[in-house]
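Structural description and commentary
Chain by chain, the residues run as shown.
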Amino acid sequence: MVQNVAGGKAKPVEEEVITEDNVFDKPDETMGFFPGQVLKDGWVALFLLIACVVMSYAIPAPLSEPANTAAVDYVPRPEWFFFFYEQMLMFFPGYTLIAFGAVVVPTVFIVLMFAVPWLDREPVYSPLKRPFAVIVGVLILIVVVLNMLLAVSRIINFPEG
Amino acid sequence: MVDWMEDRTGIVTQLEHFLYEPVPKRGAWLYTLGSATLFLIVLQFLTGILLLFYYVPTTDHAWNSVYYIMNEAYFGQLIRGIHYWSANFLLAVIGLHMARTFFSGSYKAPREWNWITGVILLLLVIGLAFTGYLLRWDQDGFWASVVGIKIGSYSPFIGGYVANFLLGGDVAGPATLARFFAIHVWLLPAALAPFIGIHLYLLRRHGEFGNQFEYTDRLAKLHEQQRLEEYARYELDGEEDGAEEDGRNGEDRENGRYSDRE
């Protein structure tokens, strides 16, 4: 269908023999990148742009007092996307554990993230058929979200640190 | 004109090829997450360049220049607002994009390098988010960065070097701001751009991988075909068995086969 649109490229439709190797070569239904996908991408981009514009007036980008490098009692807050990391550090208290929690654990996690394609080599794609990968992924999500909530509740409970 | 451009550059064919590339249809809304990431990064580049018109990366003037952008400069609040909010959305959208890729198994062969460049891009964006915080030179950004550098200094073996590299001295001061500025404005964006290019090139090379529900018909066909092949083989086996029956006994085998067939 789409090949016809591309003009001149229409091949005679021959019955393709589907094998294990080529079953995932192309999806059942395709559409031209333009306009189908481009339009959808455009809607999302437009929505995000409007959201950015509205937010920049509704909640202006924050700017606190000028930095006082001599202050000793200021309690800094990380940005929300570092909340889970900051909260995670709370589980590694003290001088001996902090290096482990702050650097070693994240480094191992990053290395594992790079290795994901080789850790999960099953030739199946459906999440239903990859229970191990899915369980690990959901567990990571739960840990991240729970840590975020813990950080938020800590900040609400102890606004002064 | 179009012909002339085509003749000189071949751009028309390229564009046609680019625009009419077939992509999966059913999950199209899921695949807008990647382009949303790209859009937000483009916003970051544009608003970042505009912010540089007024921003002064020195400890004396950094906070004042940001204050000026927010209160005096034309559309300053909007430009900085977009920079700030699109950065926040960017982190969220990257998370969603990654989750989609992970759960649909899109990182599997031959798309391993799409995943790897994606992880590199994630790390670069986190680096940008971290270094951007200090540039305001306000209490929040300054002390959060001090904590961040402190965390970096805990790295086993290389902690001292990490802290030294980021601080540019013994304590956070003018040198630190200069370094964070250089990293945020030059180093990381320059590193980000080529990896975005590779990520997109690989996407086009291997095609967008849909979720498995994009392939239900083809999978159904494949299974149907495999079932027919199985039948054909059993029937063939059955005939062979029938022929062999007089010669050899093979009763056990036969039983096995027949129960299989039923």
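Residues numbered from 1 in each chain as written. Chains lettered and ligands numbered in written order. Predicted model: local features only at pLDDT ≥ 70, side-chain atom pairs only at ≥ 80, totals over all residues. Heavy atoms only, no water.

1. Description of helix H7 (residues 139-153) of chain B
- With 15 residues, H7(B) should cover 21 Å at 1.5 Å per step; its first-to-last C-alpha distance of 21 Å lies within 8% of that length.
- For H7(B), the set of buried residues is Gln139(B), Gly141(B), Phe142(B), Trp143(B), Ala144(B), Ser145(B), Gly148(B), Ile149(B), Ile151(B) and Gly152(B).
- Contacts from the buried residues of H7(B) go to helix H3 (83-89) and helix H4 (94-119) of chain A together with helix H6 (112-135), helix H8 (159-167) and helix H9 (174-206) of chain B. (Helix = DSSP H or I, 4+ residues; strand = E, 2+ residues; numbered from the N terminus. Expected span 1.5 Å × (residues − 1). Buried < 20%, exposed > 50% of the residue type's maximum accessible area, 1.4 Å probe, protein only. Contact = heavy atoms within 4.5 Å.)

2. Some thoughts on the confidence of the model for chain B
Residues and elements named next belong to chain B.
- Per-residue confidence for chain B averages 87 on the pLDDT scale, and 91% of its residues sit at or above 70.
- For residues 247-262, every residue scores under 50 in pLDDT, and the model assigns this stretch 10 contacts once sequence neighbours within four places are set aside.
- Reported confidences for the modelled complex are a pTM of 0.85 and an ipTM of 0.85. (pLDDT = per-residue confidence, 0-100.)

3. Digging into the packing of aromatic side chains
Residue and element names in this part refer to chain B.
- Within the structure shown, the criterion is met by 15 aromatic pairs over all chains.
- Ring geometry for Tyr 54 and Tyr 68: centres 5.5 Å apart, planes at 50°, overall tilted. Of the two residues, Tyr 54 sits in the loop between helix H3 (32-52) and helix H4 (62-71) while Tyr 68 sits in helix H4, which places them 14 residues apart along the sequence.
- Where Trp 85 meets Phe 89, the ring centres are 6.1 Å apart and the plane angle is 35°; that geometry is what we call tilted. Placement of the pair is Trp 85 and Phe 89 together in helix H5 (residues 76-103), with a separation of four residues, close to one helical turn.
- A relative accessible area of 12% places Trp 85 in the buried class.
- One aromatic cluster is present, built from ring pairs that chain together Phe 102, Phe 103, Tyr 107 and Trp 115. (Phe/Tyr/Trp six-rings, centres within 6.5 Å; stacked < 30°, edge-to-face > 60°.)

4. A closer look at the interface of chain B and chain A
- On the chain A side, the residues contacting the 83 residues of chain B number 85 residues.
- At the junction of chain B with chain A, the criterion picks out two salt bridges.
- Across the contact surface, chain B and chain A share 29 residue pairs in polar contact (both at pLDDT 80 or more).
- Of all the secondary-structure elements, those providing two or more residues to the side of chain B that touches chain A are helix H2 (11-20), strand S1 (22-24), H3, H4, H5, H6, H7 and helix H10 (216-247) of chain B.
- When residues of the side of chain B that touches chain A are assigned to their parent elements, the largest contribution, 15 residues, is made by H5(B).
- Partitioned by chemical class, the residues of the side of chain B that touches chain A number 53 nonpolar, 15 polar and 15 charged.
- Both strand S1 (residues 30-32) of chain A and S1(B) contribute to a ladder of three bridges, which runs antiparallel. Residue pairing in the sheet places Thr30(A) in a bridge with Pro24(B) of S1(B). (Salt bridge = Lys/Arg side-chain N within 4 Å of Asp/Glu carboxyl O. Polar contact = N/O pair within 3.5 Å; in protein donor to acceptor, adjacent residues only side chain to side chain. Nonpolar A, V, L, I, M, F, W, Y, C, P; charged D, E, K, R; others polar. Pairing = 2+ DSSP bridges.)

5. A closer look at the domain arrangement of chain B
Residues and elements named next belong to chain B.
- The assigned domain composition of chain B is domain 1 (27-210) and domain 2 (211-262).
- At the junction of the two partners, domain 1 supplies eight residues and domain 2 supplies five residues.
- Taken together, the two surfaces of domain 1 and domain 2 that pack against each other cover about 420 Å², and 45% of this comes from carbon and sulfur.
- Broken down residue by residue, the surface that domain 1 buries against domain 2 is led by Gly 27, Phe 209 and Gly 210, which jointly contribute 61%. (Domains from an automatic or database assignment. Buried area = accessible area lost by both parts, 1.4 Å probe.)

6. Looking at the nonpolar core
- Tyr55(B), Phe102(B), Trp115(B), Trp137(B), Phe142(B) and Leu192(B) are the most contacted members of the largest nonpolar core, which has 61 residues in total.
- If one sorts the elements of this core by residue count, H5(B) sits on top with 12 residues.
- Once residues within four sequence positions are removed from consideration, Phe102(B) is found in contact with Val116(A), Arg130(A), Ala133(A), Gly137(A), Tyr107(B) and Trp115(B).
- Phe24(A), Tyr125(A), Tyr215(B) and Leu222(B) belong to the second largest nonpolar core, which has eight residues in total. (Core = buried A, V, L, I, M, F, W, Y, C linked by side-chain atoms within 4.5 Å.)

7. Considerations on the side chain of Glu112(B)
- Position of Glu112(B) among the secondary structure elements: in helix H6.
- For the buried Glu112(B), no salt bridge is present, and the opposite-charge side chain at shortest range is Arg121(A), 6.0 Å distant.
- Those residues in contact with Glu112(B) that lie beyond four places of it in its chain are Pro117(A), Trp118(A) and Tyr107(B). (Lys, Arg positive; Asp, Glu negative; His and termini not counted.)

8. Digging into the packing of H6(B) against H7(B)
Residue and element names in this part refer to chain B.
- In the contact formed by H6 and H7, the axes pass within 7 Å of each other and the chain directions differ by 135°. In terms of their interaxial angle, H6 and H7 are classed as oblique. Viewed along their axes, H6 and H7 form a crossing whose handedness is left-handed. Together, Phe 130, Tyr 133 and Leu 134 of H6 and Asp 140, Gly 141, Phe 142, Ala 144, Ser 145, Gly 148 and Ile 149 of H7 make up the contact between the two elements.
- When grouped by side-chain class, the residues that make up the contact of H6 with H7 number six nonpolar, three polar and one charged. (Axes fitted to C-alpha atoms, helices over the stretch in contact; angles between N-to-C directions. Parallel < 35°, antiparallel > 145°, perpendicular 65-115°, else oblique. Left-handed = near helix turned anticlockwise from the far one by under 90°.)

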